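Read off the chains here:
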Amino acid sequence: MTPGARRVLGAAARLFYDRGIHAVGVDLIAAEAGVTKKTLYDRFGSKEQIVVEYLADRDERWRFFLAGYLDAAPTPRDKAVAVFAASRDWAVGHMAKGCGMVNAHAEISDPAHPAYAIITGQKAWMLGLFTGLAAEAVPSDAERLGRTLTLLHEGALVASGLRVFPDAIEQARCDAEELLRRAAAVDPAHG
């Protein structure tokens, strides 16, 4: 990616997250990035493609950030809880207005939009991650437990972004830890 294209993507990411995808036009993105609209269109082709690349980049950065937490956790139960710790820490610098994917979905709910698959794909990936970890930690009830952890995680992201109450993600982390402990205690494989 050229320096100008990187500036466009950086400006678009800031603007889309802070102001909303529909509220930001290519004129503003080009001005903030210090490039011409021609440069912007030469590199990205359309605003839709900028949105796609913004969301794909955000998802890639989140997965890389999360990988460090998962790699440091020794057991599947610890890894599941580490997802919440990673989200709590990610929120400090990346989620002042809540989850970027949830926010994007509020504006892009049409499955035909090219960014829709990235938004829903990230959430499906998170469900798969939790379900896989649950299958290793509590094999007898992995699907239900994976869904419950996903609901707890996603609810915490929304509550945190809306500032419903303080430390929503940390509370969810503690609740996930307790949920996993209880599930393991009644799992026949751990009996």
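Above this note sits the structure.
A.B. asks: Just checking my understanding: could you explain the side chain of Arg58 for this structure?
C.D. replies: The residue Arg58 is located in helix H4 (residues 47-72) in this model. In this structure, Arg58 is buried with no salt-bridge partner, the nearest side chain bearing the opposite charge being Asp57 at 8.0 Å. Not counting residues up to four positions away in its chain, the partners in contact with Arg58 are Tyr17, Trp90, His94, Met95, Gly98 and Gly100.

A.B. asks: Looking at this structure, how should I read empty space enclosed by the protein?
C.D. replies: If a probe as big as a water molecule is rolled over the atoms, it shows which places are left empty. In total, this model carries one cavity of 30 Å³ or more according to the counting rule given. When its volume is computed, the largest cavity comes out at roughly 120 Å³. Considering every element that reaches the lining of the largest cavity, the biggest residue donor is helix H7 (residues 116-137), with three residues. Of the residues assigned to the lining of the largest cavity, the class counts are seven nonpolar, four polar and two charged.

A.B. asks: Would you take a moment to explain the side chain of Glu154 for this structure?
C.D. replies: Its location among the elements puts Glu154 in helix H8 (residues 142-162). Since its relative accessible area comes to 16%, Glu154 is described here as buried. Aside from chain neighbours lying at most four places away, what touches Glu154 is Val102 and Lys123.

Rules of the game
Residues numbered from 1 in each chain as written. Predicted model: local features only at pLDDT ≥ 70, side-chain atom pairs only at ≥ 80, totals over all residues. Heavy atoms only, no water. Helix = DSSP H or I, 4+ residues; strand = E, 2+ residues; numbered from the N terminus. Buried < 20%, exposed > 50% of the residue type's maximum accessible area, 1.4 Å probe, protein only. Lys, Arg positive; Asp, Glu negative; His and termini not counted. Salt bridge = Lys/Arg side-chain N within 4 Å of Asp/Glu carboxyl O. Contact = heavy atoms within 4.5 Å. 1 Å grid on protein atoms, 1.4 Å probe; cavity = no way out; pocket = protein on both sides within 12 Å on 5 of 7 lines; lining within 4 Å. Points joined across faces, edges and corners; volume = space filled by probe spheres on them. Nonpolar A, V, L, I, M, F, W, Y, C, P; charged D, E, K, R; others polar.

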